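Residue-level structure breakdown
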Amino acid sequence: MNTIASEPPEALGGTPTSARTTVTPANVALTFVMLLTLPLFVYYLWYCLEFNRGQLMLPSVAMLERFPLPTAGSVAIVAGWLAFQGLLQIVAPGKWIEGTPLPDGPPLKYKMNGWFAWWFTWAALAAGAALRFYSPVTLADQFGALLTTANIFTYLFCIYLYWHGKRFGTQHERITNNTVYDFWLGTALNPRLGGFDLKLFCEARPGLIAWVVLDLAFAAKQYQLHGFVSVPMLLVCTFHFWYVADYYLHEEAILTTWDIKYENFGWMLCWGDLVWVPFTYTIQAYYLVEHTHDLPWWGTVGIIALNVVGYIIFRGANIQKHRFRKNPERPVWGQRAEYIETSRGSLLLTSGWWGLSRHMNYFGDLLMGLAWCLLCGFESHLPYFYIVYFTILLVHRERRDHDMCAVRYGTDWALYCAKVRHRIVPGVY
Ligand code: NDP
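Described in the following lines is the structure provided in the data block. (Residues numbered from 1 in each chain as written. Predicted model: local features only at pLDDT ≥ 70, side-chain atom pairs only at ≥ 80, totals over all residues. Heavy atoms only, no water.)

1. A look at the overall build of the chain
Helices and strands together make up the secondary structure of the chain, namely 17 helices and six strands. In terms of overall size, the chain behaves like a compact globule, its C-alpha atoms giving a radius of gyration of 22 Å where 429 residues would be expected to give roughly 22 Å. Considered along the principal axes of its C-alpha atoms, the chain spans approximately 60 × 55 × 45 Å. For the chain, with 429 residues in total, the buried portion stands at 55%. Across the chain, every contact between residues at least 6 apart in sequence was considered, and the portion connecting residues at least 24 apart equals 78%. Total accessible area computed for the chain in this model is approximately 18,800 Å², and 67% of it derives from carbon and sulfur atoms. (Helix = DSSP H or I, 4+ residues; strand = E, 2+ residues; numbered from the N terminus. Rg over C-alpha atoms; globule rule 2.2 N^0.38 Å. Buried < 20%, exposed > 50% of the residue type's maximum accessible area, 1.4 Å probe, protein only. Contact = heavy atoms within 4.5 Å. Areas by Shrake-Rupley, 256 points an atom, 1.4 Å probe, with all protein chains shown as cover.)

So this is what it looks like as structure tokens:
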């Protein structure tokens, strides 16, 4: 899955081609600062949620006194979780699918067994809780320690990835030979251990499933503290569960995403997958543990409707493009598909969702994100961090994609933009 960490500043080489070689002292300094401050920012969110009832607060040195150190439990949980998900990736049944063509060889094959792994994980967790092997609130109680453990593991793993790419990577033109920069962006496109694809695994498994598992741990915590699970908590868990389950249902689509096709696997993606996603996408559920408000019926209906509409647009647009690229003859909304044929041979769809804006999929995703935040009410700004961050991420991502497509498709892209005028929100932006 894509994360904030997949969104470096333009100059940091987010584009897959020539910009990657542009290294300036300012870029390196900025990269270094981000390597240090992004983790600190996640701790800041944790402090606000854990010690300040989810209200923003001024950072202070006193926070250091409460810095969450790893515990034996947190180390066991992180290690066990990674091993469990890794094992499932290897042994769970699934189709082998070819990825997109590579510049330096034939396409790689990927085992698509996420749907099985997702449900198997839930069955195992439910059985473990029913048999009292663990308490569902443990993850909520250990959140700070888990965050530190995940950070330490990810930094160490990224050092390994850096070495592995330098040693075994094949696309050396993508490496800048600036240590900080290469550590951030990665030194290999598809680092693998045998058939085990490290990038796909980290993108799609431990962090993504942990996001929803942590959500449910917060729901359990709310139940433990208050004796009930509120409607907003129920809804946020349901929406997130649905979002991730839907991802596994359409798992193959990840093979054509930007991250898999173009981004090297370095700290930026890896930390985003293993720390940012599970420890910041859970902020609404964390916030709701202490905030047990109810919603008026119209608020509940409105938020559900917003999430459903967002989902229909998001999934509809993504699947429409996927199917169109597989078979351009397939009707779009019951009509013959309209498209622009580029001189490179690729087709750009201009009807259906793709006729309304150039990224309706982002628009739908944003609507869902807004629905999740609204569940938290208006007492604090903090739960809205997600929609603010996500808007910045997707606006920036659209700009990068636009620049890349402009280079890739030249005048055909200009023609496409003239036909589909809006970037994300039809009629507005
Ligand atoms: P897209 O799936 O929109 O892919 C963009 C690419 O699609 C372009 O580079 C181009 O590639 C191709 N394309 C563009 N326009 C057309 C067209 N009209 N017809 C056919 N092909 C076209 O972008 P992402 O990979 O960024 O996003 C995928 C999904 O992931 C989105 O729904 C997004 O919301 C979601 N996402 C979620 C995040 C999260 O953290 N929850 C973070 C980021 C994204 P080419 O022509 O080379 O094939």
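2. Looking at the layout of surface pockets
Computed from the structure, the second largest pocket encloses a volume of approximately 530 Å³. Together, 24 residues line the second largest pocket, and Ile77, Val78, Trp81, Leu139 and Val213 are the ones closest to its centre. Breaking the lining of the second largest pocket down by element, the ones donating at least two residues are α2 (72–91), α3 (114–130), α4 (138–141), α5 (143–168), α8 (206–226) and α11 (267–280). Residues of the lining of the second largest pocket, tallied by class, amount to 19 nonpolar, five polar and no charged. (1 Å grid on protein atoms, 1.4 Å probe; cavity = no way out; pocket = protein on both sides within 12 Å on 5 of 7 lines; lining within 4 Å. Points joined across faces, edges and corners; volume = space filled by probe spheres on them. Nonpolar A, V, L, I, M, F, W, Y, C, P; charged D, E, K, R; others polar.)

3. Observations concerning the side chain of Asn151
On the secondary structure map, Asn151 appears in helix α5. Of the residues examined, Asn151 reaches a relative accessible area of 6% and is grouped as buried. Only 3.5 Å separates the side chain of Asn151 from the side chain of Tyr43, close enough to count as a polar contact. A polar atom in the side chain of Asn151 sits 2.7 Å from the side chain of Trp271. If we skip the residues at most four places from it in the chain, Asn151 touches Pro39, Tyr43, Trp271 and Val275. (Polar contact = N/O pair within 3.5 Å; in protein donor to acceptor, adjacent residues only side chain to side chain.)

4. Considering the packing of α8 against helix α9 (residues 231–249)
At their nearest, the axes of α8 and α9 sit 10 Å apart, and the two run at 160 degrees to each other. Considering their axes alone, α8 and α9 lie roughly antiparallel with respect to each other. Crossing handedness for the pair α8 and α9: left-handed. Contacts between α8 and α9 involve Leu208, Ile209, Trp211, Val212, Asp215, Leu216, Phe218, Ala219 and Gln222 on the former and, on the latter, Met233, Val236, Cys237, His240, Phe241, Tyr243, Val244, Tyr247 and Tyr248. Residues belonging to the contact of α8 with α9 are distributed by class as follows: 15 nonpolar, two polar and one charged. (Axes fitted to C-alpha atoms, helices over the stretch in contact; angles between N-to-C directions. Parallel < 35°, antiparallel > 145°, perpendicular 65-115°, else oblique. Left-handed = near helix turned anticlockwise from the far one by under 90°.)

5. Quick look at the pattern of salt bridges
Applying the stated criterion across every chain yields a total of twelve salt bridges. Lys95 is paired through a salt bridge with Glu252; the nearest N and O atoms lie 3.4 Å apart. In this pair, Lys95 sits in strand β1 (residues 95–98) while Glu252 sits in the loop between α9 and α10 (258–262), placing the two residues 157 residues apart along the sequence. On the basis of relative accessibility, which here comes to 24%, the residue Glu252 falls in the partly exposed class. Where Asp246 meets Arg315, a salt bridge forms, and the shortest distance between an N and an O atom there is 2.7 Å. (Salt bridge = Lys/Arg side-chain N within 4 Å of Asp/Glu carboxyl O.)

6. Some thoughts on the packing of α9 against helix α13 (residues 297–326)
Running from N to C, α9 and α13 point in directions that differ by 10 degrees, and their axes come no closer than 12 Å. By the criterion of interaxial angle, the relationship of α9 to α13 is roughly parallel. Judged by residue contacts, Val231, Leu235, Phe239, Trp242, Tyr243 and Asp246 of α9 engage Thr300, Ile303, Ile304, Asn307, Val308, Tyr311, Phe314 and Arg315 from α13. Counted by class, the contact of α9 with α13 contains ten nonpolar, two polar and two charged residues.

7. A few points about the nonpolar core
In terms of nonpolar packing, the biggest core is built from 125 residues, with Met233, Phe279 and Trp372 touching the most fellow members. Top element by residues in this core is helix α1 (residues 25–51). It accounts for twelve residues. (Core = buried A, V, L, I, M, F, W, Y, C linked by side-chain atoms within 4.5 Å.)

8. Examining unusual backbone geometry
Glycine aside, residues mostly have negative phi angles, and peptide bonds mostly take the trans form. With phi around 70 degrees, Asn177 is a residue other than glycine that occupies positive phi space. Overall, the relative accessible area of 61% leaves Asn177 in the exposed class.

9. Quick notes on α11
In a regular helix each residue adds 1.5 Å, so 14 residues correspond to 20 Å; α11 covers only 17 Å between its end C-alpha atoms and thus falls short of that length. Of all the bends found along α11, the most pronounced is centred on Asp273 and spans about 40 degrees. Taking burial as the measure, the 14 residues of α11 include 14 buried ones, the bulk of the element. (Expected span 1.5 Å × (residues − 1). Bend = angle between axes of the 7 residues up to and from the residue.)

10. Overview of the environment of Arg397
With respect to the helices and strands, the residue Arg397 is situated in helix α16 (residues 385–409). Sequence separation between Arg397 and Val332 is 65 residues; the distance between their C-alpha atoms is 26 Å.

11. Considerations on the packing of aromatic side chains
Summed over all chains, the structure comprises 51 aromatic pairs. Ring centres of Trp46 and Tyr47 lie 5.0 Å apart, and the angle between their planes is 65 degrees; on these two criteria the pair is classed as edge-to-face. A single burial state applies to Trp46 and to Tyr47, both of which are buried. A cation over an aromatic ring shows up here: Arg66 above the ring of Phe51, its NZ or CZ 4.1 Å from the ring centre. Above the plane of the ring of Tyr110 lies Arg192, whose end atom (NZ or CZ) is 4.9 Å from the centre. (Phe/Tyr/Trp six-rings, centres within 6.5 Å; stacked < 30°, edge-to-face > 60°. Lys NZ or Arg CZ within 6 Å of the ring centre and 35° of its normal.)

12. Details of a nonpolar patch on the surface
Among the surface-exposed residues, Leu87, Ile90 and Val91 lie close enough to one another that they form a single nonpolar patch of about 300 Å² accessible area. Among the secondary structure elements, Ile90 is positioned in helix α2. Of the residues examined, Ile90 reaches a relative accessible area of 51% and is grouped as exposed. (Patch = residues over 30% accessible without salt bridge, like charges linked within 9 Å, V, L, I, M, F, W, Y side chains within 5 Å.)

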